[in-house]
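Overview (structure and organization)
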Amino acid sequence: MRVMGVDPGLTRCGLGAVEGRPGAPLTLVAVGVVRTGADEELGARLVGIEAGIERWLDDVRPDAVAVERVFSQHNVRTVMGTAQAAGIAVLCAARRGLPVALHTPSEVKAAITGSGTADKKQIGAMVTRLLRLSEMPRPADAADALALAICHVWRGGAQHRLAAALARATRKDTRP
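None of these values were measured; they are calculated from a predicted model. (Residues numbered from 1 in each chain as written. Predicted model: local features only at pLDDT ≥ 70, side-chain atom pairs only at ≥ 80, totals over all residues. Heavy atoms only, no water.)

Comments concerning helix H4 (residues 120-130)
- Where H4 is concerned, the buried positions are Ile-123, Gly-124, Val-127, Thr-128 and Leu-130.
- One side-chain oxygen at the N-terminal end of H4 lies 3.2 Å from the backbone nitrogen of Lys-121; it belongs to Asp-119.
- Just beyond H4, the residue with positive phi is Arg-132, at close to 55°. (Buried < 20%, exposed > 50% of the residue type's maximum accessible area, 1.4 Å probe, protein only. Helix = DSSP H or I, 4+ residues; strand = E, 2+ residues; numbered from the N terminus. Polar contact = N/O pair within 3.5 Å; in protein donor to acceptor, adjacent residues only side chain to side chain.)

Structural data, given as structure tokens:
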């Protein structure tokens, strides 16, 4: 399964893709960020993020997209920008018919490090180790995007298969 992870943000939107399956070594496909200028108007920034994500989807050709679920922060302005960038990522994937999963930061941290309270350095170190990289992906947004993709390979694939099986079983039970 090839998964593209998106760590949404207006200034830096982290993107990373991995290939693998639960219980097997993972492979790095690509990692990077889409950047927009803080001095640009909001609409132009969102168009820039959309164009960057679309290029990534064309190049990476993922089977699924994992986006960080936006959580409440004290800075409303920051959370709004993050939510807008996340919405663009979901829209781009949905437009192509790709499954989209939202994972919370604590879910990703727990999947990658075993602790839902891990810091950025711990996430980066584990991503580096899991993907057998010579150095930690930079900036942290890129490492976080890879962590999202890894989390989805390990957790999301199984969750999706269970949900699909349950839906099939439910349809069979309700047919006359």
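Points about unusual backbone geometry
- Geometrically, the link from Arg-138 to Pro-139 is a cis peptide bond, its omega value of -5° lying close to zero.
- Even without being a glycine, Arg-61 presents a positive backbone phi close to 50°.
- Among the structural elements, Arg-61 can be located in the loop between helix H1 (42-60) and strand S4 (64-68).
- Even without being glycine, Arg-132 reaches a positive phi, approximately 55°.
- As for its placement among the helices and strands, Arg-132 is situated in the loop between H4 and helix H5 (140-174).

Here we look at the packing of H1 against helix H2 (residues 76-95)
- Contact geometry of H1 with H2 gives a least axis separation of 9 Å together with a crossing angle of 40°. Here H2 runs oblique to H1, going by the angle between their axes. The crossing of H1 and H2 is right-handed. Together, Leu-42, Leu-46, Ile-49, Glu-50, Ile-53, Glu-54 and Leu-57 of H1 and Gln-84, Ala-85, Ile-88, Ala-89, Cys-92, Ala-93 and Arg-95 of H2 make up the contact between the two elements.
- Classifying every residue of the contact of H1 with H2 gives ten nonpolar, one polar and three charged. (Axes fitted to C-alpha atoms, helices over the stretch in contact; angles between N-to-C directions. Parallel < 35°, antiparallel > 145°, perpendicular 65-115°, else oblique. Left-handed = near helix turned anticlockwise from the far one by under 90°. Contact = heavy atoms within 4.5 Å. Nonpolar A, V, L, I, M, F, W, Y, C, P; charged D, E, K, R; others polar.)

Thoughts on the packing of helix H3 (residues 105-113) against H4
- Two elements in contact, H3 and H4, have axes separated by 9 Å at closest approach and are oriented at 50°. Our classification of the angle between H3 and H4 gives oblique. Our pair here, H3 against H4, has a crossing hand that is left-handed. Along its contact with H3, which presents Lys-109, Ile-112 and Thr-113, the element H4 presents Gln-122, Ile-123, Met-126, Val-127 and Leu-130.
- Of the residues contributing to the contact of H3 with H4, the split by class is five nonpolar, two polar and one charged.

Details of the sheet that holds strand S2 (residues 12-19)
- An order of S3-S2-S1-S4-S5 is seen for the five strands of this open sheet, with the pairing classed as mixed. Because the sheet does not close on itself, it has two edges, and the strands there are strand S3 (27-35) and strand S5 (100-103). Geometrically, the sheet is characterised by an average inter-axis angle of 20° between neighbouring strands, direction not taken into account.
- Pairing geometry for strand S1 (residues 2-7) and S4, over four bridges, is parallel. Bridging from a neighbouring strand, Met-4 pairs with Val-65 of S4.
- Where H2 meets the sheet, its contacts fall on S1, S4 and S5, and the angle it forms with S4 comes to roughly 170°. (Pairing = 2+ DSSP bridges.)

Section: the environment of Thr-11
- Structurally, the position occupied by Thr-11 is in the loop between S1 and S2.
- Apart from the residues within four sequence positions on either side, Thr-11 is in contact with Val-34, Arg-35, Thr-36 and Arg-45.
- One polar contact links Thr-11 to Arg-45, side chain to side chain, over a distance of 3.0 Å.

Comments concerning the UniProt feature "binding site: Mg(2+) 2" (unreviewed entry) in the protein
- Look at the UniProt record and you will see "binding site: Mg(2+) 2" (unreviewed entry) annotated at Glu-68.
- Along the chain, Glu-68 falls in strand S4.
- Once you skip the residues sitting within four places of it in the chain, Glu-68 turns out to touch Val-6, Asp-7, Pro-8, Ala-86, His-103, Pro-105 and Leu-148. (UniProt positions renumbered as here; feature names shortened; annotations may be inferred.)

Thoughts on the pattern of salt bridges
- If you walk through the whole model with that rule in mind, you get seven salt bridges.
- Notably, a salt bridge pairs Arg-2 with Glu-19, separated by 2.7 Å at the nearest N-O pair. Taken as a pair, Arg-2 in strand S1 and Glu-19 in strand S2 lie far apart in primary sequence, 17 residues in all.
- By relative accessible area, Arg-2 is classed as partly exposed at 23%.
- You can call Glu-19 partly exposed: its relative accessible area is 33%.
- Salt-bridge contacts for Arg-95 lead to Glu-54; the nearest nitrogen and oxygen are separated by 2.8 Å. (Salt bridge = Lys/Arg side-chain N within 4 Å of Asp/Glu carboxyl O.)

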